[in-house]
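Residue strings, one per chain:
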Number of protein chains: 2
Amino acid sequence: MTQMIQPSDTSAPADLPTFEDVKAAATRLRGLAVRTPLIESPALNAAVGGRVLMKAETLQRTGSFKFRGAFNRISQIPDRDKAGGVVAYSSGNHAQGVAAAAALLGLPAVIVMPADAPAIKVENTRGYGAEVVFYDRYKESREEIGLAIAADRKATLVKPYDDPGVIAGQGTCGLEIFEEATARETKLDRLLVCCGGGGFTAGCALALEALSPSTQLFVVEPQGYDDTRLSFEAGHPVPHGDAAPSICDALLSPTPGDITFAVNQRIASGGLTVTDTEVKAAMRYAFRTLKLVVEPGGAVCLAAVLAGKIDVADRVLGLTLSGGNVDAELYCAILSEDD
Amino acid sequence: MTQMIQPSDTSAPADLPTFEDVKAAATRLRGLAVRTPLIESPALNAAVGGRVLMKAETLQRTGSFKFRGAFNRISQIPDRDKAGGVVAYSSGNHAQGVAAAAALLGLPAVIVMPADAPAIKVENTRGYGAEVVFYDRYKESREEIGLAIAADRKATLVKPYDDPGVIAGQGTCGLEIFEEATARETKLDRLLVCCGGGGFTAGCALALEALSPSTQLFVVEPQGYDDTRLSFEAGHPVPHGDAAPSICDALLSPTPGDITFAVNQRIASGGLTVTDTEVKAAMRYAFRTLKLVVEPGGAVCLAAVLAGKIDVADRVLGLTLSGGNVDAELYCAILSEDD
């Protein structure tokens with residue numbers, strides 16, 4: 001949903017996903033999604049004077065959390081619609097999630113990707129057996145292309161975020177975060193979630209609301225692409241303003257979704273932004289100190305912590321490392337820069 | 001212990017560590033060592049046709065398993081000897097482990113490191129507050145330098161592997177592997193451990209012997225540095241032969257230790273070797289598919305699996321990713337090479 005939202009659209013959509021949907025998704029995903037570790041680094045804790053628990057969705061099947069939502073959504077496609085397969089538009093992580101989920105479920109998949117998507121994401125999407133159709137990010141509408149393919153092939157469109165099934169699937173990550181925190185007899189004071197269209201945030205928010213309602217939830221967005229933060233301020237979904245290009249290719253959606261915004265507005269406490277410079281420093285920190293490969297969009301929460309955008313001192317903070325799909329060339333260019 | 005072992009030395013040393021020592025070490029390390037995740041990748045499982053459970057000691061405090069043994073050993077230094085501090089010789093991971101453990105325990109530390117040690121290891125060792133003394137790997141004896149410093153400062157020498165306290169500490173990693181496998185209702189058919197002097201292997205072997213005696217244990221060494229494999233064949237510790245330089249800086253010890261060999265000979269089933277080319281391919285796989293930063297010496301077990309040195313089909317195999325301390329420059333040179 002990327003059209004401009006008018007004031008008349010601000011009433012909450014009727015079919016908001018619930019925590020029950022998240023639990024049902026967890027059942028569907030059992031044994032298929034990786035139960036990724038919640039990683040704690042003594043070095044990072046010492047650096048910030050608090051505790052940081054990092055949910056490493058970099059280690060998820062397809063290298064990002066997107067498999068969770070894609071599988072949960074696609075596994076609920078009615079039998080009569082399965083032959084048409086699925087179509088999705090995505091800068092790459094949703095593409096891989098949809099492609100892998102469709103392959104596991106035996107459905108054909110077509111993915112509409114920007115021509116400038118990271119090569120590793122294109123390669124992996126094809127590796128899962130999906131057909132890739134490119135579009136020009138600056139001149140064409142991926143939604144129109146996706147809808148045309150869906151109509152032509154009688155395929156089911158799997159939206160990247162503004163879909164209750166997708167949101168519920170992403171929520172299984174939040175469910176695991178709070179289950180694991182409880183297993184460690186720890187309560188999170190705050191949770192930071194990497195935010196593009198808001199599906200990951202909304203899913204995690206549902207888990208938070210049910211399991212740890214006193215935990216404060218903050219979205220983290222790239223500077224200039226803070227449409228969710230701006231929408232919180234406006235009280236309804238608004239697009240971000242003009243923005244310089246960002247390396248956070250996974251988080252460049254123009255506005256929150258109707259459904260994601262309705263959920264996030266209800267539950268989240270606010271939004272933070274980080275610059276590309278801060279993101280790169282976080283990626284280097286993840287390489288040098290955490291030994292984790294994190295893509296730009298996956299590093300925004302860590303960047304917010306390292307750049308002091310939120311106070312962690314004497315607190316327990318959870319955050320998502322949402323993906324690790326970055327080309328070696330860009331990765332090494334970033335590693336070679338100075339802090 | 002790097003001197004040539006004579007036949008008269010082949011009787012087992014009297015003070016071999018036991019599984020009880022490993023359990024005691026686990027108690028000492030609780031809350032200080034990271035309980036690192038045992039990671040499973042659907043992509044890797046599919047590639048090998050079996051299950052691979054990877055113990056990510058890359059995520060350990062100091063970026064390798066070495067903190068475990070160092071802390072366990074240093075925490076047992078008698079009060080009367082604490083003022084003299086500790087001295088250690090190491091290519092880098094033991095250095096960081098000793099430096100971090102000494103800092104936590106409030107003891108001064110001097111580390112003897114080769115002049116060509118990776119910069120990240122030298123920098124981190126100093127970062128933990130240790131004094132670094134360099135030596136020439138090809139002309140000087142690190143043992144002699146270490147012993148001279150120990151005598152001069154009344155410091156306790158913390159050997160890198162041939163010490164019961166160090167071995168018991170490393171064994172806590174094996175303890176966690178088998179505890180976690182049990183928690184997942186899984187039994188390992190085989191366990192591969194990265195092997196230099198054999199301390200990590202010996203510690204893990206003690207846990208295996210007690211908790212999962214039917215699991216076959218294999219050491220993995222860099223080609224040309226397969227002194228443990230050769231020693232298994234000889235029936236007593238022998239040095240490796242002449243060898244070309246290897247990128248696996250963490251695994252270049254010349255012979256097994258007396259203690260480590262006695263334990264490993266009793267428990268291990270054999271040894272595998274991998275080439276630098278295979279190690280580099282494994283590091284690229286870890287970057288691209290696993291999203292984990294692994295140093296050359298830490299990648300030898302993964303390399304053995306990916307290169308087909310051991311059959312994983314329809315089996316459950318455990319392996320160690322023993323460390324992730326690699327300079328960005330070398331890392332990126334390796335990422336830029338073709339498979």
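Residues numbered from 1 in each chain as written. Chains lettered and ligands numbered in written order. Predicted model: local features only at pLDDT ≥ 70, side-chain atom pairs only at ≥ 80, totals over all residues. Heavy atoms only, no water.

Undergrad: Sorry if this is basic, but what is going on with the pattern of salt bridges here?
TA: The full count for this structure, using the stated rule, is 46 salt bridges over all chains. We note a salt bridge from D226 of chain A to R229 of chain A, for which the minimum N-O separation is 2.9 Å. As a salt-bridge pair, R266 of chain B and E209 of chain B come within 2.8 Å of each other at their nearest N and O atoms. One end of the pair, R266 of chain B, is in helix α10 (residues 258-267); the other, E209 of chain B, is in helix α8 (residues 199-211), with 57 residues separating them in the sequence. In this structure R266 of chain B comes out as partly exposed when scored by relative accessible area, which is 45%. (Salt bridge = Lys/Arg side-chain N within 4 Å of Asp/Glu carboxyl O. Helix = DSSP H or I, 4+ residues; strand = E, 2+ residues; numbered from the N terminus. Buried < 20%, exposed > 50% of the residue type's maximum accessible area, 1.4 Å probe, protein only.)

Undergrad: Would you explain the relation of the copies chain A and chain B in this entry?
TA: Mapping between the two chain copies consists of a rotation about an axis together with a translation along that axis. Screw-axis analysis of chain A against chain B gives a translation of 0.0 Å along the axis, an RMSD of 0.0 Å, and a rotation angle of 180 degrees. Those values place the two copies in the arrangement expected of a two-fold rotation axis. Within chain A, L292 of chain A has its C-alpha nearest the rotation axis, a separation of 2.5 Å. When the interface residues of chain A are mapped onto chain B, 100% of them again lie at the interface, so the same face is used by both copies. (Least-squares fit on C-alpha atoms with pLDDT ≥ 70 in both. Contact = heavy atoms within 4.5 Å.)

Undergrad: What's the story with the state of the cysteines in this structure? I'm lost.
TA: Structurally, a disulfide amounts to a covalent bond that connects the sulfur atoms of two cysteines. Within the structure shown, the criterion is met by one disulfide over all chains. Two residues, C332 of chain A and C332 of chain B, share a disulfide whose sulfurs are 2.3 Å apart. For the disulfide bridge between C332 of chain A and C332 of chain B, the dihedral angle about the S-S bond is near -95 degrees, and by the sign convention the bridge is left-handed. On the criterion of chain membership, the pair formed by C332 of chain A in helix α13 (residues 328-336) and C332 of chain B in helix α13 (residues 328-335) is interchain, its members lying in two chains. Since its relative accessible area comes to 14%, C332 of chain B is described here as buried. Considering cysteine sulfurs only, C204 of chain A is the nearest to C173 of chain A, which forms no disulfide, with 4.8 Å between them. (Disulfide = S-S within 2.5 Å.)

Undergrad: Hey, could you run me through the environment of G224 of chain B in this one?
TA: All names here are of chain B. Along the chain, G224 falls in the loop between β8 (216-222) and α9 (227-234). Residue G224 is classed as partly exposed on the basis of its relative accessible area, which comes to 22%. Sequence-wise, G224 and A244 are 20 residues apart; in three dimensions their C-alpha atoms are separated by 7.1 Å. Leaving out residues up to four positions away in the same chain, G224 has contacts with H240, G241 and A243.

Undergrad: Honestly, unusual backbone geometry in this entry has me stumped. Any pointers?
TA: With glycine set apart, most residues show a phi of negative sign, and most peptide bonds adopt trans. Residues and elements named next belong to chain B. At T62, a residue that is not glycine, the phi angle is positive and equals roughly 75 degrees. Structurally, the position occupied by T62 is in the loop between β2 (51-56) and α3 (66-74). Residue T62 is classed as buried on the basis of its relative accessible area, which comes to 6%. One non-glycine residue, E185, lies in the positive phi region at around 55 degrees. Mapping E185 onto the fold places it in the loop between α7 (164-183) and β7 (190-194). By relative accessible area, E185 is classed as exposed at 76%.

Undergrad: How should the environment of G324 of chain A be read in this particular structure?
TA: You can see G324 of chain A is positioned in the loop between β10 (316-321) and α13. G324 of chain A gets classed as buried once you look at its relative accessible area, which sits at 1%. Considering only alpha carbons, one finds G324 of chain A and V193 of chain A, 131 residues apart in sequence, at a separation of 15 Å. Setting aside its immediate chain neighbours within four residues, G324 of chain A contacts T58, G63, V293, V294 and E295 of chain A together with K291 of chain B.

Undergrad: Would you explain the pairing of β8 of chain B in this entry?
TA: Successive side chains on a regular strand alternate, one facing one side of the sheet and the next facing the other. Residue and element names in this part refer to chain B. Within β8, six of the seven residues are buried, leaving the element largely enclosed by the surrounding structure. Bridge count between β7 and β8: five bridges; the pairing is parallel. Bridge assignment links R190 to a residue of β8, and that residue is Q216. Tracing the backbone out of β7, into α8 and back to the parallel element β8 gives a crossover that is right-handed. (Pairing = 2+ DSSP bridges. Right-handed = clockwise from strand over helix to strand, strands pointing away.)

Undergrad: Explain the nonpolar core here, please?
TA: Side chains of a nonpolar character, in soluble globular proteins, are inclined to be buried together. By size, the foremost hydrophobic cluster in this structure holds 86 residues, and its most contacted members are L192 and Y331 of chain A together with L192 and Y331 of chain B. Sequence-distant contacts of Y331 of chain B, defined by excluding residues within four places in its chain, comprise F287, V293, Y331 and L335 of chain A together with M283, F287, L292, V293, V294 and V326 of chain B. (Core = buried A, V, L, I, M, F, W, Y, C linked by side-chain atoms within 4.5 Å.)

Undergrad: So what exactly am I meant to see when it comes to the interface of chain A and chain B here?
TA: Often, the extent of an interface is quoted as the loss of accessible area upon association of its parts. In this assembly, 24 residues from chain A lie in contact with 24 residues from chain B. For the pair chain A and chain B, the number of links is zero salt bridges. Seen at the junction of chain A and chain B, the total is six residue pairs in polar contact (both at pLDDT 80 or more). If you list the elements that add at least two residues to the side of chain A that touches chain B, you get β1 (38-40), α11 (276-290) and α13 of chain A. The element that contributes the greatest number of residues to the side of chain A that touches chain B is α13 of chain A, accounting for four residues. Here the residues of the side of chain A that touches chain B are counted per class, giving 15 nonpolar, four polar and five charged. (Polar contact = N/O pair within 3.5 Å; in protein donor to acceptor, adjacent residues only side chain to side chain. Nonpolar A, V, L, I, M, F, W, Y, C, P; charged D, E, K, R; others polar.)

Undergrad: Honestly, the confidence of the model for chain A in this entry has me stumped. Any pointers?
TA: Residues shown with low pLDDT carry predicted positions that ought not to be read at fine detail. Residue and element names in this part refer to chain A. Per-residue confidence for chain A averages 94 on the pLDDT scale, and 96% of its residues sit at or above 70. This model gives residues 1-10 a pLDDT under 50, and the stretch forms 15 contacts once residues within four places in sequence are excluded. Two numbers describe this predicted complex: its pTM, 0.94, and its ipTM, 0.94. (pLDDT = per-residue confidence, 0-100.)

Undergrad: What is the right way to look at the side chain of T201 of chain A in this model?
TA: Residues and elements named next belong to chain A. Note that T201 resides in helix α8 (residues 199-211). On the basis of relative accessibility, which here comes to 0%, the residue T201 falls in the buried class. Those residues in contact with T201 that sit more than four places away from it in its chain are V193, C194, C195, L217, V219 and N264.

Undergrad: Which parts of the structure should I look at to understand the sheet that holds β7 of chain B?
TA: Note on sheets: strands pair through backbone hydrogen bonds, and any given pair is parallel or antiparallel. Residue and element names in this part refer to chain B. Spatially, β1-β2-β10-β7-β8-β9 is the arrangement adopted by the six strands of the open sheet, whose pairing is mixed. Every interior strand has two partners, whereas the edge strands, β1 (38-40) and β9 (270-274), have only one. Ignoring which end each strand starts from, the neighbouring axes of this sheet average 25 degrees apart. Examined bridge by bridge, β1 and β2 share three bridges and lie antiparallel to one another. Following the sheet pairing, E40 is matched in β2 by L53. (Axes fitted to C-alpha atoms, helices over the stretch in contact; angles between N-to-C directions.)

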